[in-house]
Each structure stands twice: as C-alpha cells, then as structure tokens.
Amino acid sequence: DGYRTIDIMSEGKTQIGTEEIGDLIFNEVMFENPETSFEYIEIYNKSDKLLDVSGMVFTTRKADGTMNTGVIIPKNTSPLPPKGYLAICSNAETLRSFHACPAGSNIISTSWSALNNETSTLVLTSAAKDSIFDELKYDVKWHNSWVTSPKGIALERTSPDLVTQDAYSWHSSTAVGNNGTPGYQNS
C-alpha cells in the first residue's frame, strides 16, 4: 500500500507519524571511501512528521533487478525528526571523527556491504521489501568536473525537492567536513 502506520500517541508523548512514499529520501552517498574512513549512505526526512525508520532496509539491486538482502536499520534507532538526517555506516565514531561532524549529527553503525565504486542502485524499503520509499542509481560520472578522483568525496543531493534519479539533483561534497556531511545538512 506504499506506507506503514506507526502510531504511538498518548498524553505527554510525541506522535510518531505514518511513513508515506516521498517522506524519506536518499540525501548523500559515499560510495568510494577515503583511506581512513568508511562508506555511508544518508537518508533525509522531508516530512513534518517524526518517523520511525527502525526495521527499514537499505539495500541495492542485483543486475536482474531483484534486491539484495541489504542492511536492516536497527530496532533501537531513534525516530527521525522532521527535516532530520540519518547516516548509516559500519563505524559511526570513525566516520564522525573523520568528517569533523558537529554535535548532534545523526550517524549509526550497522552491518555493511561495500558499495560499487562506479554505479549501483540503492533502495530504501520497508522491512518486508513491499514498499520502496526511495531509489537511486548513482553514477561516478555525476561528480562535479573539478573532481579528479572520487575517492573520499560524497555525492550530495542539491535540494530535497528535486527528483532523486537525475544527475542534476546531485553534486560533489565540498571540502567542508572532509568532503562529506554525514548525519547533518549538506555542504
């Protein structure tokens, strides 16, 4: 049906909203990590709702179009606030330190499978893989012309309002934060 309902409402507690297609999008991807840090993906909550992303799956598509097993966002992950960011990687503390992330940057560690350094199709889906919230087929050629080597430079979405699958919706992260801004606003 395109969304799942997460409804926790009681007196004095914040309501967790219903995730709908278009609320959660890919916002940044580091697919060729620097020597002393890690790959990551970042999702962004475009909505004005607090959303529970725990149990959702970040995965890639195989050549035949089917989805790989992927990475499950841990059950204990804090709900994603409206206009909030969440970076997912294999080692949050190393990533946070390398990119000199500000306090409050939202980064979590999970199991991880290496991303392809040239191109791949990323998918953010429900736990049952029956609802796709966003899909991005990135390409190393999407980096800006000033990038001579993409190693250690993230691709960032230029605006959350632009379509995901368009090269013009993406740009190379600047030197701010060591060429990546995991868990917080893009450069």
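These lines cover the structure that appears in this document, whether it is placed above or below. As the structure is a prediction and not an experimental result, all values here were calculated from the model.

## Examining the side chain of Glu42
Piece 1. Mapping Glu42 onto the fold places it in strand S2 (residues 40-45).
Piece 2. Within the buried set, Glu42 has no salt-bridge partner at all; the shortest N-O distance to an opposite charge, 8.4 Å, is to Arg157.
Piece 3. For Glu42, the side chain forms a polar contact with the side chain of Asn27, separated by 2.7 Å.
Piece 4. A polar contact is formed between the side chain of Glu42 and the backbone nitrogen of Tyr184, at a distance of 3.4 Å.
Piece 5. For Glu42, the residues in contact, after removing those within four places along its chain, are Ile25, Phe26, Asn27, Glu28, Tyr85, Leu86, Ala87, Thr181, Pro182, Gly183, Tyr184 and Asn186.

## Considerations on the sheet that holds strand S4 (residues 71-72)
Piece 1. A sheet is described by the order of its strands in space; here four strands give the open sequence S4-S3-S7-S8, paired in antiparallel fashion. In the strand order of this sheet, the two ends are held by S4 and strand S8 (132-139), each with one partner.
Piece 2. Relative to strand S7 (residues 119-125), strand S3 (residues 57-60) is paired through four bridges, and the arrangement is antiparallel. By the bridge assignment for S7, Thr60 is matched with Leu122.

## Observations concerning the environment of His143
Piece 1. Tracing the chain through its elements places His143 in the loop between S8 and strand S9 (155-157).
Piece 2. Spatially, the C-alpha atoms of His143 and Ala167 are 8.8 Å apart, while their sequence positions differ by 24 residues.
Piece 3. Sequence-distant contacts of His143, defined by excluding residues within four places in its chain, comprise Phe31, Pro150, Ile153, Ala154, Leu155 and Ser172.

## A closer look at the sheet that holds strand S1 (residues 24-30)
Piece 1. Taken in spatial order, the six strands of this open sheet run S6-S5-S2-S1-S9-S10, and their pairing is mixed. Every interior strand has two partners, whereas the edge strands, strand S6 (107-109) and strand S10 (170-172), have only one. For this sheet the average axis-to-axis angle between neighbouring strands, irrespective of direction, equals 30 degrees.
Piece 2. Pairing of strand S5 (residues 85-89) with S6, which is carried by three bridges, proceeds in the parallel orientation. Note on S6: the bridge partner recorded for Ala87 is Ile107.

## Examining the nonpolar core
Piece 1. Judged by nonpolar contacts, the single largest core of 26 residues is most densely connected at Phe26, Ile41, Ile43 and Leu122.
Piece 2. Secondary-structure elements contributing two or more residues to this core are S1, S2, S5, S7 and S8.
Piece 3. The contact partners of Phe26, leaving out residues within four places of it in the chain, are Ile41, Glu42, Ile43, Phe58, Leu122, Val123, Leu124, Asp134, Glu135, Leu136, Arg157 and Trp170.
Piece 4. Formed by 10 residues, the second largest nonpolar core is a distinct cluster that contains Ala87, Ala92, Cys101 and Tyr184.

## Focus on the side chain of Ser126
Piece 1. Residue position: Ser126 is located in the loop between S7 and S8.
Piece 2. Beyond its immediate sequence surroundings of up to four residues, Ser126 is in contact with Val57, Ser131 and Phe133.

Procedures and definitions
- Residues numbered from 1 in each chain as written.
- Predicted model: local features only at pLDDT ≥ 70, side-chain atom pairs only at ≥ 80, totals over all residues.
- Heavy atoms only, no water.
- Helix = DSSP H or I, 4+ residues; strand = E, 2+ residues; numbered from the N terminus.
- Buried < 20%, exposed > 50% of the residue type's maximum accessible area, 1.4 Å probe, protein only.
- Lys, Arg positive; Asp, Glu negative; His and termini not counted.
- Salt bridge = Lys/Arg side-chain N within 4 Å of Asp/Glu carboxyl O.
- Polar contact = N/O pair within 3.5 Å; in protein donor to acceptor, adjacent residues only side chain to side chain.
- Contact = heavy atoms within 4.5 Å.
- Pairing = 2+ DSSP bridges.
- Axes fitted to C-alpha atoms, helices over the stretch in contact; angles between N-to-C directions.
- Core = buried A, V, L, I, M, F, W, Y, C linked by side-chain atoms within 4.5 Å.

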